[in-house]
Amino acid sequence: MRKIIGIGETVLDIIFRDEQPIHAVPGGSTFNAIISLSRSGVSTSFISETGNDRVGQMIIKFLKDNGCEAASVSVYPDSKSPLSLAFLNDQNDADYIFYKDHPHDRLDFTLPEINKDDIVLFGSYYAVNPVIRPQVKAFLDYAHERGAILYYDVNFRASHQYEVMRLTPNLLENFELSDIVRGSAEDFEILFKKNDAEQVYRSQIMFYTKKFIYTNAANPIQLFADNGLKKQYPIDKMETVSTIGAGDNFNAGFLYGMLSNGITRNQLTEGLSEQQWDSIVEQGIRFSAEVCRSLFNYVSPEFGTARKEELKQSINQE
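To keep things clear, this report deals only with the structure shown in the data block. Given the structure is predicted, the values throughout are model-derived calculations rather than measurements.

### Some words on the side chain of Lys194
Consideration 1: Here Lys194 is to be found in the loop between α5 (185-192) and α6 (197-205).
Consideration 2: One buried charged residue, Lys194, forms no salt bridge at all, with the nearest opposite charge on Asp196 at 9.7 Å.
Consideration 3: Look past the residues within four positions of Lys194 in its chain and what remains in contact with it is Ala185, Phe188, Glu189, Gln199, Val200, Ser203 and Gln204.

Pasting the structure below:
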């Protein structure tokens, strides 16, 4: 069975509304997507690090309880697990403050098994952090050589804006390694001072990969792909409880859509049809909408159970 391997940070998200804490859940951008995929019947593995504290123990237990392989999560005895404070505004969008108390960043993990057409999900500051860059780059190179599909979510926070020049070489290496790149309007405004999707694609992305997804909050998703394919996908208006996991779960749904459509790396290289892209993006929108209906960062177990059955049926039809 094909797997999805995520690599990224783990945090405890403490969510505030009207300056009061209302909820706390394990989180992290790639982590959130991996939990949703695990709940949806996908075989998953996660590479990360935690501190040797109650938060770290809770995060590892949460991964295992949701069916995700956690053997590649390193626990460091002299570190405290990171925290993220998320302050919801009237539109239920969040501003963040991050607290990290690692004496120094490290990344020392056991490589999970990677086979042809498995998918690797990576992104955020974790994917460009200079301190752990040698280990992350070596892992991405290894996954690429093994025939995996690499999906990169840029997810670049304003808190790292002062580091853009220093991190650009790592960012471009990630573009070059990736089969698919996704980024938000905010990401590219911070990185390149550009807010037009096509301009971003033509000036920054297409030299490295032809497959690009541009998201912009509740505005239509824009897809750019092989053979000049360019398409917009509208987002239905809905009442939201929290948008914290919206982008992460778009990633989860998109990758679920790739698996349920049986998309291989060879097919990606040759170019997908418009109908295949439609089906994949639709799943991304579906997962994203589901997670906005709650304070959790991942799809509900009930939603995941329904997706498990769909995935079984689609695999049996192949």
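### What about the sheet that holds strand β8 (residues 119-123)?
Consideration 1: Within the open sheet, the nine strands sit side by side as β5-β4-β1-β8-β9-β10-β11-β12-β13. Their pairing is mixed. Every other strand in the sheet has two partners, leaving β5 (73-76) and β13 (230-233) as the edge strands with one partner each. If you compare each strand with its neighbour and ignore which way they point, the axes differ by 15 degrees on average.
Consideration 2: Taken strand by strand, helix α2 (residues 54-65) contacts β4 (43-51) and β5, and its axis lies near 175 degrees from that of β4.

### Description of unusual backbone geometry
Consideration 1: Positive phi is not limited to glycine here, since Glu19 has a value of about 70 degrees.
Consideration 2: Looking at the secondary structure, you find Glu19 in the loop between β2 (11-17) and β3 (20-27).
Consideration 3: For Glu19, a relative accessible area of 62% puts it in the exposed group.
Consideration 4: Phi angles above zero are rare outside glycine, and Lys193 is one such case at about 55 degrees.
Consideration 5: The topology assignment puts Lys193 in the loop between α5 and α6.

### Some words on helix α1 (residues 29-39)
An α-helix turns once per 3.6 residues; consequently, residues spaced three or four apart project the same way.
Consideration 1: Taken across its 11 residues, α1 has 11 buried, putting it largely inside the fold.
Consideration 2: The complete set of buried residues in α1 reads Ser29, Thr30, Phe31, Asn32, Ala33, Ile34, Ile35, Ser36, Leu37, Ser38 and Arg39.
Consideration 3: Positioned one or two residues after α1, Gly41 has a phi angle of 90 degrees, which is positive.

### A closer look at the pairing of β8
Consideration 1: Of all five residues in β8, five are buried, a share of seventy percent or more.
Consideration 2: Every second residue of β8 is oriented toward a common face, with Ile119, Leu121 and Gly123 on one face and Val120 and Phe122 on the other, all of them buried.
Consideration 3: Pairing geometry for strand β1 (residues 3-7) and β8, over four bridges, is parallel. Counted as the bridge partner of Ile7 is Phe122 from β8.

### Regarding the nonpolar core
Consideration 1: Residues Phe254, Leu255, Met258 and Trp277 are the most contacted members of the largest nonpolar core, which totals 50 residues.
Consideration 2: Counting residues per element, this core draws most heavily on helix α7 (residues 246-260), at seven residues.
Consideration 3: Excluding residues within four positions of it along the chain, Leu255 makes contact with Ile4, Leu37, Ile119, Leu121 and Tyr151.
Consideration 4: Grouped together as the second largest cluster of nonpolar side chains are 39 residues, Leu107, Ala185, Leu191 and Tyr214 included.

### Comments concerning the packing of aromatic side chains
Consideration 1: Going through the model one piece at a time under the given rule, you end up with 21 aromatic pairs.
Consideration 2: Between Phe175 and Tyr208, the ring centres sit 6.0 Å apart and the planes meet at 50 degrees, which makes this aromatic pair tilted. Of the two residues, Phe175 is situated in helix α4 (residues 164-177) and Tyr208 in the loop between α6 and β11 (212-216); the sequence distance between them amounts to 33 residues.
Consideration 3: Pairing Phe188 with Phe212 gives two aromatic rings, centres 5.6 Å apart and planes at 70 degrees, and the pair type is edge-to-face. With Phe188 in helix α5 and Phe212 in strand β11, this pair connects stretches of sequence that are 24 residues apart.
Consideration 4: Residue classification places Phe188 among the buried residues on the basis of a relative accessible area of 0%.
Consideration 5: Put simply, the rings of Phe188, Phe192, Tyr201, Phe212, Tyr214 and Phe224 touch in pairs and so form one group of aromatic residues.
Consideration 6: In this structure, Arg157 is placed above the aromatic ring of Tyr96, and the distance from its NZ or CZ to the ring centre is 4.5 Å.
Consideration 7: The residue whose ring lies beneath Arg307 is Phe303, and the NZ or CZ to ring-centre distance is 4.3 Å.

### Section: the pattern of salt bridges
Consideration 1: A full pass over the atoms with the stated rule returns 15 salt bridges.
Consideration 2: With a shortest N-O distance of 2.7 Å, Lys231 and Glu274 are connected by a salt bridge. With a gap of 43 residues between them, Lys231 in strand β13 and Glu274 in helix α9 (residues 274-291) connect regions that are remote in the sequence.
Consideration 3: With a relative accessible area of 34%, Glu274 lands in the partly exposed category.

### Some thoughts on the pairing of strand β12 (residues 219-224)
Consideration 1: Across four bridges, the pairing between β11 and β12 is antiparallel. Looking across to β12, one finds that Ile213 is bridged to Leu223.
Consideration 2: Hairpin connection, β11 to β12: the antiparallel pair is bridged by two residues, and Ala217 has positive phi, about 55 degrees.
Consideration 3: Pairing of β12 with β13 involves four bridges; the strand directions are antiparallel. Residue pairing for β13: Ile221 is matched across the bridge by Tyr233.
Consideration 4: In this structure, the hairpin formed by β12 and β13 is closed by a connection of five residues, where Asn227 is found at a positive phi of approximately 60 degrees.

Thresholds applied
Residues numbered from 1 in each chain as written. Predicted model: local features only at pLDDT ≥ 70, side-chain atom pairs only at ≥ 80, totals over all residues. Heavy atoms only, no water. Helix = DSSP H or I, 4+ residues; strand = E, 2+ residues; numbered from the N terminus. Buried < 20%, exposed > 50% of the residue type's maximum accessible area, 1.4 Å probe, protein only. Lys, Arg positive; Asp, Glu negative; His and termini not counted. Salt bridge = Lys/Arg side-chain N within 4 Å of Asp/Glu carboxyl O. Contact = heavy atoms within 4.5 Å. Pairing = 2+ DSSP bridges. Axes fitted to C-alpha atoms, helices over the stretch in contact; angles between N-to-C directions. Core = buried A, V, L, I, M, F, W, Y, C linked by side-chain atoms within 4.5 Å. Phe/Tyr/Trp six-rings, centres within 6.5 Å; stacked < 30°, edge-to-face > 60°. Lys NZ or Arg CZ within 6 Å of the ring centre and 35° of its normal.

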